[in-house]
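Fold and contact review
Chain residues, written in single-letter form:
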Amino acid sequence: MSDHRAPRVLHVKGRVLVGPDEVRDELWAVDGRIAYERPAGADGAVTVTGWALPGLVDAHCHVGLDLHGAVDAATSEKQAVDDREAGALLLRDAGSPADTRWIDDREDLPKIIRAGRHIARPRRYTRNYAHEIEPDDLVAYVAREARRGDGWVKLVGDWIDREVGDLTACWPRGVVGAAIDEAHRLGARVTAHCFAEDSLRDLVEAGIDCVEHATGLTEDTIPLFAERGVAIVPTLVNIATFPSLAEGGEAKYPRWSAHMRRLHARRYDTVRAAYDAGVPVFVGTDAGGALAHGLVADEVAELVKAGIPALDALSATTWGAREWLGRPGLEEGAPADLVVYDEDPRADVRVLAGPRRVVLNGRVIG
């Protein structure tokens, strides 16, 4: 018996920003997929008007995590909803101890690319976040998380060493190189949390694919990142918390506190220098630990404040970010995940803070 069910159709018209230089007048979402030809059933379609972008990307957040570790499903759902309402419809979860696979079955929640659980040294990261292991076990744990994740593994590259009283690198060069090789053999990319300077050269020369925060970049390491094509996700909305962190640790770790203040003071210069050198820069908020979800527009604005041109900052959360993560944008046949605004976000990225409509899998949400 044939299925005569009418297709579910949504019409988006106005200005559809397929790419930074490609603008169309309309698109259709037919049963959740993008089409550019008028489909059957178009006469009864719901119509949304405005400036349409691919669903925004938050390339560093943590669904299922708060300051104390894993959270319950209701809290994870609230985090995902907050991102969705801000227009972030593709999330790279940069480490979480919680199982959030159930979100994949929800057509009303953002799509998530998971990096498994953080991998750290014992007592060298936030409690209850990571697998805390010694270097001899790193290759095995990287292999485990490569199989569990969605094509990414997350290392903690540096953290405060209480005996030294400052940030130091966590992994010996030979061990981290073997671990990255194993991840690549299994088809996964590797990223690392890095605040300071010391770990960066070893990680890049070992073949790492991305560095989170990257506040320790200098004129010596920026060219190496550019040469190897290693991306950074600066998380400037998180780096804004460094002064308060430094104040809290001043009495016990004055050397660390002074270091954190220096990293904070030069944060914009660091990001702009990396961008100018050709280092790929992408948008991430680090939401889910100390920060609330839904801050993607704030992070784009921070990149612009750092001196990145508005169109490139916009690409860092849309076209460029999706290409980097291997996910489609507003392409024929792709999932109809998009955000509609009243004004052109290319002219002023602050427009991103006020989505008019959020469309996920071809449905207007919220």
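Predicted model only: the values in this text are computed from it and were never measured.

A grouping of Arg123, Arg127, Arg162 and Lys252 is seen on the molecular surface, where their side chains present a positively charged patch. Secondary-structure assignment places Arg127 in the loop between β10 (119–120) and β11 (131–132).

Let's shift gears to the environment of Trp256. Inspection of the secondary structure assignment puts Trp256 in helix α8 (residues 254–265). Between the C-alpha atom of Trp256 and that of Arg121, which follows or precedes it by 135 residues, the distance is 18 Å. When neighbours within four sequence positions are excluded, Trp256 is seen to be in contact with Ile160, Gly165, Asp166, Leu167, Leu245, Ala246 and Gly249.

Summarising the sheet, strand β13 (residues 158–161) and strand β14 (residues 166–169) pair through four bridges and their orientation is antiparallel. Residue pairing for β14: Trp159 is matched across the bridge by Thr168. Adjacent in sequence and paired antiparallel, β13 and β14 are bridged by four residues, among which Gly165 carries a positive phi angle near 80 degrees.

As a further point, take the nonpolar core. Judged by nonpolar contacts, the single largest core of 87 residues is most densely connected at Leu138, Leu155, Ile208, Phe225 and Leu303. With 16 residues, the next largest nonpolar core counts Ile34, Ala334, Ala336 and Val359 among its residues.

Moving on, we come to the packing of aromatic side chains. Taken as a whole, this structure holds six aromatic pairs when the rule is applied. When the centroid spacing of 4.7 Å and the interplanar angle of 75 degrees are considered together, the rings of Tyr125 and Trp159 count as edge-to-face. Residue Tyr125 is located in the loop between β10 and β11, and its partner Trp159 is located in strand β13; the two are separated by 34 residues in the primary sequence. The same class applies to Tyr125 and to Trp159, which are both buried. Ring geometry for Phe282 and Trp324: centres 4.2 Å apart, planes at 5 degrees, overall stacked. A residue pair is termed long-range when its members are at least 10 positions apart, and Phe282 in the loop between α9 (267–277) and α10 (296–305) and Trp324 in helix α12 (residues 319–325) qualify at 42 residues. The class for Phe282 is buried, based on a relative accessible area of 8%. Trp324 gets classed as buried once you look at its relative accessible area, which sits at 15%. Through a chain of ring-to-ring contacts, three or more aromatic side chains come together here, namely Tyr125, Tyr129, Trp159, Phe195 and Phe242. One Lys or Arg, Arg92, reaches over the ring of Trp152 and ends 4.6 Å from the middle of that ring. For the cation-ring pair, Arg267 lies above Tyr268, with the distance from its terminal atom to the ring centre recorded as 4.2 Å.

A separate point is the packing of helix α7 (residues 242–249) against α8. Relative orientation of the contacting elements α7 and α8 amounts to 170 degrees, with a least axis distance of 8 Å. On the basis of the axis angle, α7 is roughly antiparallel to α8. Side by side, α7 and α8 meet where Phe242, Pro243, Leu245, Ala246, Glu247 and Gly249 of the first sit next to Pro254, Trp256, Ser257, Met260, Arg261, Leu263 and His264 of the second. When the residues that make up the contact of α7 with α8 are grouped by side-chain class, the tally is eight nonpolar, three polar and two charged.

Cut-offs and rules
- Residues numbered from 1 in each chain as written.
- Predicted model: local features only at pLDDT ≥ 70, side-chain atom pairs only at ≥ 80, totals over all residues.
- Heavy atoms only, no water.
- Patch = residues over 30% accessible without salt bridge, like charges linked within 9 Å, V, L, I, M, F, W, Y side chains within 5 Å.
- Areas by Shrake-Rupley, 256 points an atom, 1.4 Å probe, with all protein chains shown as cover.
- Salt bridge = Lys/Arg side-chain N within 4 Å of Asp/Glu carboxyl O.
- Lys, Arg positive; Asp, Glu negative; His and termini not counted.
- Charge placed at Lys NZ, Arg CZ, Asp CG, Glu CD.
- Helix = DSSP H or I, 4+ residues; strand = E, 2+ residues; numbered from the N terminus.
- Contact = heavy atoms within 4.5 Å.
- Pairing = 2+ DSSP bridges.
- Core = buried A, V, L, I, M, F, W, Y, C linked by side-chain atoms within 4.5 Å.
- Buried < 20%, exposed > 50% of the residue type's maximum accessible area, 1.4 Å probe, protein only.
- Phe/Tyr/Trp six-rings, centres within 6.5 Å; stacked < 30°, edge-to-face > 60°.
- Lys NZ or Arg CZ within 6 Å of the ring centre and 35° of its normal.
- Axes fitted to C-alpha atoms, helices over the stretch in contact; angles between N-to-C directions.
- Parallel < 35°, antiparallel > 145°, perpendicular 65-115°, else oblique.
- Nonpolar A, V, L, I, M, F, W, Y, C, P; charged D, E, K, R; others polar.

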